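Examining the three-dimensional arrangement
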Amino acid sequence: MSIPQSGGGPIEHQDQLAAFLAEGCKPKADWRIGTEHEKFGYCEDTLKPLPYDGPRSIRAVLEGLRDGFGWAPVLEGGHIIGLTKDGANVSLEPGGQLELSGAPLETIHQTCDEVNLHLHEVKTVADKIGVRFIGLGAAPIWGQDEMPVMPKGRYRLMTDYMDRVGTHGKQMMYRTCTVQVNLDFSSEADMVKKLRVALALQPVATALFANSPFFDGKPNGHKSWRSRIWRDLDASRTGTLPFAFEEGFGFERYVDYALDVPMYFVYRDGRYIDALGQSFRDFLKGRLPALPGEVPTLSDWADHLTTIFPEARLKKYLEMRGADGGPWRRLCALPALWVGLLYDQSSLDAAWDLAKGWDLETRDAMRVAASVDGLAADTHGVKMHDLAREVVALADAGLKARALPGAGGLVPDETHFLNALKESLETGQTPADELLARYHGDWQGDLTRIYGEYSY
């Protein structure tokens, strides 16, 4: 999750909120790619999740990256809770999931190199202290009471709030991982089309990247349990944003939505002030109970936007949020999918043509079906495998059209990053299908085998 924002003066007019989002508009030449991914760390001998403190711990991994690879520490309350270097960040999810938030880069070649370098650095540190990492959408065995709690004030507040607003919030916080990509837009109209395509086609990403078929030590009946978790978390800040498909949608309408999402906190002087359930609209009027008489700054608005969790999210860029964390090859396939769809106009237009006829009921049914059945989903006349084949073909065409070479010109474009997805389309098998086959086959129900065979 995001680190606290900084900068920006007091908000004097509500118009500043939409203007803040509109500042993200960039000419195509300046569009960039930011890839994020999370992974679970555990002790190699016990197979238990990493605590925050100790010789084999999250803190030891962060300090190893700091000391061995030149990352600068990010502190909260005297604890190291993140790292920064060259526009990238390493941060912690509530249960100690280690996240790389990559720098904004021009090509998928570059962002994939960044991911691979990060994984190499993490493995170098982990090997020295008896730690391993695994890429899955949900913790397969660990129970909620086994998960450590990271020393971040934001997470303490969120944990207390989750049981008030849903049934699966703490599962999301402590026992799931994702891979995401952040992409740019050129104008309000471009943002609208991209967000609509992103929201409508997130179930395709959920299906292709499904990688969480186990929870609490057994199969859970879903190919993506992580996606299932998000459906009963907090309805006020999650979901598929039906209003985004209505006529007249734009920055102002997203602001109206965000203002109606209850607040979590205000960040002041290095600490998180409890504003759970309070209204940003009241904050604008100087009537926030947590800070009476004080009005928000633009950094408060930026912080608030990070507490909204729809399937695709708008900030000064767009975030694609529908995919499970997973095998390292797929960490590069996720940005390839969305860059191919959204950064080439012909592919973007064709993707919208695929999705524009679906109504809300169809879009929501696709989301559920993708979670349960992955590529085998079939609902409301939409066969997921067929749809995914069309979507990946559009992404492939978009990457060909970009024609951005890598490896010093030896690789002509970025299409090879889609190979993992093309293989899934050929076989009909997602990572979840492979895991289930192993569990019911040669593992003979011994789920602990997942650590030895799928870790890094």
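So, a few notes on the structure that sits alongside this text.

The rules behind each value
- Residues numbered from 1 in each chain as written.
- Predicted model: local features only at pLDDT ≥ 70, side-chain atom pairs only at ≥ 80, totals over all residues.
- Heavy atoms only, no water.
- 1 Å grid on protein atoms, 1.4 Å probe; cavity = no way out; pocket = protein on both sides within 12 Å on 5 of 7 lines; lining within 4 Å.
- Points joined across faces, edges and corners; volume = space filled by probe spheres on them.
- Helix = DSSP H or I, 4+ residues; strand = E, 2+ residues; numbered from the N terminus.
- Nonpolar A, V, L, I, M, F, W, Y, C, P; charged D, E, K, R; others polar.
- Axes fitted to C-alpha atoms, helices over the stretch in contact; angles between N-to-C directions.
- Parallel < 35°, antiparallel > 145°, perpendicular 65-115°, else oblique.
- Contact = heavy atoms within 4.5 Å.
- Core = buried A, V, L, I, M, F, W, Y, C linked by side-chain atoms within 4.5 Å.
- Buried < 20%, exposed > 50% of the residue type's maximum accessible area, 1.4 Å probe, protein only.
- Expected span 1.5 Å × (residues − 1).
- Bend = angle between axes of the 7 residues up to and from the residue.
- Polar contact = N/O pair within 3.5 Å; in protein donor to acceptor, adjacent residues only side chain to side chain.

1. A look at empty space enclosed by the protein
- Applying the stated criterion to the full structure yields 2 cavities of 30 Å³ or more.
- In this structure, the largest cavity encloses a volume near 60 Å³.
- Taken together, the elements giving at least two residues each to the lining of the largest cavity come down to β11 (265-268), α9 (280-284) and α10 (298-305).
- By residue class, the composition of the lining of the largest cavity is 7 nonpolar, 2 polar and 2 charged.
- When its volume is computed, the second largest cavity comes out at roughly 40 Å³.
- Surrounding the second largest cavity, Phe40, Gly41, Pro49, Leu50, Ile58, Gly95, Gly96, Gln97, Trp142 and Met147 form its lining.
- Of the residues that constitute the lining of the second largest cavity, the class distribution is 6 nonpolar, 4 polar and no charged.

2. Considerations on the packing of helix α6 (residues 188-208) against helix α14 (residues 384-402)
- At a closest axis distance of 10 Å, the pairing of α6 and α14 adopts a crossing angle of 100 degrees. In terms of orientation, α6 and α14 fall into the roughly perpendicular class. Contacts from Leu201, Pro203, Val204, Ala207 and Leu208 in α6 reach Met384, Leu387, Ala388, Val391 and Val392 in α14.
- Split by residue class, the contact of α6 with α14 holds 10 nonpolar, no polar and no charged.

3. Regarding the nonpolar core
- Membership of the largest hydrophobic core comes to 152 residues, with the highest contact counts inside it found for Tyr254, Trp301, Leu337, Trp338 and Leu341.
- With 12 residues, the single largest contributor to this core is α6.
- Among all residues touching Leu337, those that are not within four sequence positions of it are Ala205, Phe209, Val391, Val392, Ala395, Leu418 and Leu421.

4. Let's talk about α6
- Spanning 21 residues, α6 covers 29 Å between terminal C-alpha atoms, matching the ideal 30 Å at 1.5 Å per step.
- Along α6, the largest kink reaches about 45 degrees and is centred on Leu201; proline Pro203 follows within four residues of it.
- Burial analysis of α6 places 18 of its 21 residues in the buried class, which makes it a mostly covered element.

5. Side note on the environment of Lys48
- For Lys48, the location among the structural elements is in the loop between β1 (33-43) and α2 (58-69).
- Exposure remark for Lys48: the relative accessible area of 40% places this residue in the partly exposed category.
- Between the C-alpha atoms of Lys48 and Gln16, which are 32 residues apart in sequence, the distance is 47 Å.
- Setting aside residues up to four positions removed in sequence, Lys48 forms contacts with Tyr42, Cys43, Trp142 and Glu146.
- Here the side chain of Lys48 touches Glu146 through a polar contact of 2.7 Å, side chain to side chain.

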